[in-house]
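# Fold and geometry: a report
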Amino acid sequence: MIDLRSDTVTNPSKEMLDFMFHAKLGDDVFEEDPTVNELQEYAASLFGKEAALYCSSGTQTNQIAINLHVNPGGEVICHKDSHVYKYEGGGIAKNSGASTRIITGDRGRITVEEIQKWINPEDDVHYPLTQLICIEDTSNRGGGAVYDFDEIKRIKKFCNERNLPLHLDGARLFNALVENQIGYKEYANQFDSISICLSKGLGAPVGSLLLGNKDFIYNARRVRKVFGGGMRQAGIIAAGGLFALKNNINRLKTDHKHAKLIEKALQANHSIESVIPVETNIVVFELKAHGQIDEFLDKLAQNGILALPFGKGMIRMVTHMDVDESAIHKTCECIASLD
Ligand SMILES: *Cc1c(COP(=O)(O)O)cnc(C)c1O
C-alpha cells in the first residue's frame, strides 16, 4: 500500500532501530535517562533555546505550553483551523479552563492586523484577558503553507509590546525551515515556546519536544507529570527522535518535490475543483462533486493508494520518507486514470 494519509505512518528504518536498540537508558522522571537528556540538550542547542522537554505527543507539548501561558478564564488567539483548537479534543478549555478567539486567515495563517483586531481590551471587565497568541507553521489544514518570516517578526514585535507570549505549534517546523531557509536560532528567537514533532516527517516512531527557557521547561516538567506524561526508560523511543534530528531533516526536500508532482497530476484532473498551492509535503484538494469523496477514495484504494478524507469535499495526501519516487509516479498515473 502507498499510504499517503499522513506523515505519521512511517516505520523506523533499520538504522534508526539499531540506534534505538543500543540506546543507554535510565529513569527519566528522575531525569536520569542519558538518551532523553541528550535529545533534549541537542534540540535546545539546535534552536538556541535554554532547555527542552521530551513528551509523548505534539498534543501534549502544545497543551502543556498553553497550560503554562494561560490562566483559567484567559483567552488564546489562534487560527480557526489550528490543531490546538480543532484537533486537541477541546483541550484548551478542558485542561486549562481558557477560552479561544479563533481567527480566519489565509491557509491557516494569521496576520498581526488580525491579532490586533481581536485582542481584548484589558481595561474592560467584560472581556476575558487575552493571554497567548498561538500560530502553526507549517499549517496542516492550510495545505502545508509556510508563514512569511516577516509576518512572524511583526507578530512577535506586537506580542512584546503587549507583553503577550507567542507559542509555535511547529509539528512540521522542519518542513517550513528547509523551504524558507531561515536559520533555526533566528526563527526560534521569535517564540517563547515551541513544539516540534519527531514522529511526523522526521520519521521517529514516538514523541515531540517542547522548547523554551529554563524556568518554562522546569514548570513544563511538572505539568507533563500532572497530564500523565512522565515516562521512565523513555530513551528507547527518544533515541529514534535523536537519530531523526541528526539524519532526516534535509531529506524533507524530497517529500516536497514529491508533493509537487502529485499537485501537478491533480491539476490536470477534471474531476478536481482546486488544489491548495503546495509548498511543503501536504496536498489538500477539493473534488468538484463533494458527494463522490468515498467513491474517489475507494478507487485510489483499489489501486493501492490511501488518502485521507479532509471534510467539505476535500482530500489530503501527505508525502513522507516511506513513499519513494516510484510510488509517487504510480500515484500520479492513478490520478490521471481517474479523470
Ligand atoms: C500532528 C500535529 C500535532 C500533534 O499531534 P500528535 O498526534 O498529538 O503528536 C500538532 N499540531 C499539528 C499541526 C499537527 O499536524
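Note that the structure is predicted; figures quoted are calculated from it, not measured.

## Side note on the pattern of salt bridges
- The full count for this structure, using the stated rule, is 20 salt bridges.
- The partner of Arg221 in a salt bridge is Glu31, with the nearest N and O atoms 3.4 Å apart. Taken together, the positions of Arg221 in helix H10 (residues 214–226) and Glu31 in the loop between helix H1 (14–21) and helix H2 (34–47) put the pair 190 residues apart, joining distant regions of the chain.
- A salt bridge links Lys299 to Glu295; the shortest N-O distance between them is 3.7 Å. On the criterion of helical spacing, the pair formed by Lys299 and Glu295 is a turn pair, its members being four residues apart in helix H13 (residues 293–302).

## Points about the pairing of strand S6 (residues 166–170)
- Within S6, five of the five residues are buried, leaving the element largely enclosed by the surrounding structure.
- Bridge count between strand S5 (residues 130–136) and S6: four bridges; the pairing is parallel. Paired with Glu136 across the two strands is Asp169, which belongs to S6.
- Taken together, S5, helix H7 (residues 149–161) and S6 constitute a β-α-β crossover, and its handedness is right-handed.
- The pairing of S6 with strand S7 (residues 193–197) spans four bridges and is classified as parallel. Along S7, the bridge assignment pairs Gly170 with Ile196.

## Thoughts on the sheet that holds strand S13 (residues 314–318)
- Taken together, the four strands give an open sheet; going across it, the order is S9-S10-S13-S12, and neighbouring strands pair in antiparallel fashion. Of all the strands in the sheet, the pair left with one neighbour each is strand S9 (272–275) and strand S12 (308–309).
- Pairing geometry for S9 and strand S10 (residues 282–287), over three bridges, is antiparallel. When the sheet's bridge partners are listed, Ser274 is paired in S10 with Glu286.

## Some words on the domain arrangement of the protein chain
- Examined at the domain level, the protein chain breaks down into domain 1 (14–247) and domain 2 (251–337).
- Measuring from the centre of the C-alpha atoms in domain 1 to the corresponding centre in domain 2 gives 28 Å.
- Contacts between domain 1 and domain 2 engage 21 residues on the former and 15 residues on the latter.
- Together domain 1 and domain 2 conceal approximately 1500 Å² of surface at their shared face, both sides included; 53% is due to carbon and sulfur atoms.
- Put simply, domain 1 and domain 2 have one salt bridge between them.
- Linking domain 1 with domain 2 are seven residue pairs in polar contact (both at pLDDT 80 or more), by the criterion used here.
- Residues of the side of domain 1 that touches domain 2, tallied by class, amount to six nonpolar, ten polar and five charged.

## Digging into the nonpolar core
- Counting 53 residues, the largest nonpolar core has Tyr54, Ile135, Ile155, Tyr187, Leu209 and Leu245 as its most contacted members.
- Here the element with the most residues in this core is helix H11 (residues 235–247); it accounts for seven residues.
- Setting aside anything within four residues of it in sequence, one finds Leu209 in contact with Leu39, Gln40, Ala43, Ala52, Leu53, Tyr54, Thr61, Ile194, Ser195, Ile196, Leu198 and Leu245.

## Some details on the state of the cysteines
- Taken as a whole, this structure holds zero disulfides when the rule is applied.
- Cysteine Cys197 remains unbridged, with the sulfur of Cys55 as its closest cysteine sulfur at 11 Å.
- Here Cys332 stays free of any disulfide, with the sulfur of Cys334 as its closest cysteine sulfur at 9.8 Å.
- Taking relative accessible area as the criterion, Cys332 reaches 14% and is therefore assigned buried.

## Section: the site of the ligand
- As a structural note, the neighbourhood of the ligand is formed by Ser57, Gly58, Thr59, Asn62, His83, Glu136, Asp169, Ala171, Arg172, Cys197 and Lys200.
- In the environment of the ligand, an oxygen atom lies 2.6 Å from a nitrogen or oxygen atom belonging to the side chain of Thr59.
- The fraction of the free accessible surface of the ligand (380 Å²) that becomes covered by protein chains is 83%.
- Element by element, the count of residues in the shell around the ligand is highest for helix H3 (residues 58–69), at three residues.

## Digging into the packing of aromatic side chains
- Scanning the model with the defined rule gives seven aromatic pairs in all.
- Ring geometry for Phe19 and Phe243: centres 5.8 Å apart, planes at 50 degrees, overall tilted. Placement of Phe19 in helix H1 and of Phe243 in helix H11 is noted, with a sequence separation of 224 residues between them.
- Between Phe174 and Tyr184, the aromatic rings sit 5.7 Å apart at their centres with planes inclined by 70 degrees, giving edge-to-face as the arrangement. Residue Phe174 is found in helix H8 (residues 173–180), and its partner Tyr184 is found in helix H9 (residues 184–188); the two are separated by ten residues along the sequence.
- The rings of Phe47, Phe174 and Tyr184 are connected pair by pair, giving a single aromatic cluster.
- The ring of Phe310 carries the charged tip of Arg141 above its face, separated from the ring centre by 4.1 Å.
- Positioned above the aromatic ring of Tyr42 is the side chain of Lys246, whose terminal nitrogen or guanidinium carbon lies 5.0 Å from the ring centre.

## A word on the side chain of Ser208
- Residue position: Ser208 is located in strand S8 (residues 208–212).
- Judged by its relative accessible area of 0%, Ser208 is buried.
- A polar atom in the side chain of Ser208 sits 3.0 Å from the backbone nitrogen of Gly58.

The rules behind the values
Within each chain, residue numbers correspond to sequence positions counted from 1 in written order. Only residues with pLDDT of at least 70 get local features here, since the model is predicted, and only at 80 or more are side-chain atom pairs given and counted; chain-wide, interface and lining totals rely on the full set of residues. To obtain the side-chain values, all non-hydrogen atoms of the structure were used and water was disregarded. Counted as salt bridges are all cases of a side-chain nitrogen of Lys or Arg within 4 Å of a carboxyl oxygen of Asp or Glu. Only runs of H or I of at least four residues qualify as helices and only runs of E of at least two qualify as strands under DSSP, and these elements are numbered from the N terminus. Residue burial is assigned from relative accessible area. The probe radius is 1.4 Å, only protein chains are included, and a residue is buried under 20% of its type maximum, exposed over 50%, and partly exposed in between. At least two DSSP bridges between two strands are required for those strands to pair. Think of it like this: strands point away, you trace from the first strand over the helix to the second, and a clockwise trace means the crossover is right-handed. An automatic or database domain assignment supplies the residue ranges for each domain. Only heavy atoms enter the contact rule, under which two residues are in contact if any of them lie within 4.5 Å. A 1.4 Å probe defines the accessible area here, and the buried area is the portion of it lost by two parts on being joined, summed over both. Between N or O atoms, a polar contact is any pair within 3.5 Å; within protein, one atom must be a potential hydrogen donor and the other a potential acceptor, and residues adjacent in sequence are included only when both atoms are from side chains. Under this grouping Gly is polar, as are all residues other than the nonpolar Ala, Val, Leu, Ile, Met, Phe, Trp, Tyr, Cys and Pro and the charged Asp, Glu, Lys and Arg. Side-chain atoms within 4.5 Å link the members of a nonpolar core, which is a set of buried Ala, Val, Leu, Ile, Met, Phe, Trp, Tyr and Cys residues. The definition used for a disulfide is geometric: two cysteine sulfur atoms within 2.5 Å. The cutoff for a nearby residue is simple: one of its non-hydrogen atoms must lie within 4 Å of the molecule or strand. Accessible surface area values rest on a Shrake-Rupley calculation with a 1.4 Å probe, where residue burial reflects the displayed protein chains alone. Centres within 6.5 Å make a pair out of two Phe, Tyr or Trp rings, where for Trp the six-membered ring is used; the pair is then stacked when the planes are under 30 degrees apart, edge-to-face when over 60, and tilted otherwise. The criterion for a charge sitting over a ring is simple: Lys NZ or Arg CZ within 6 Å of the ring centre, and within 35 degrees of the ring normal.

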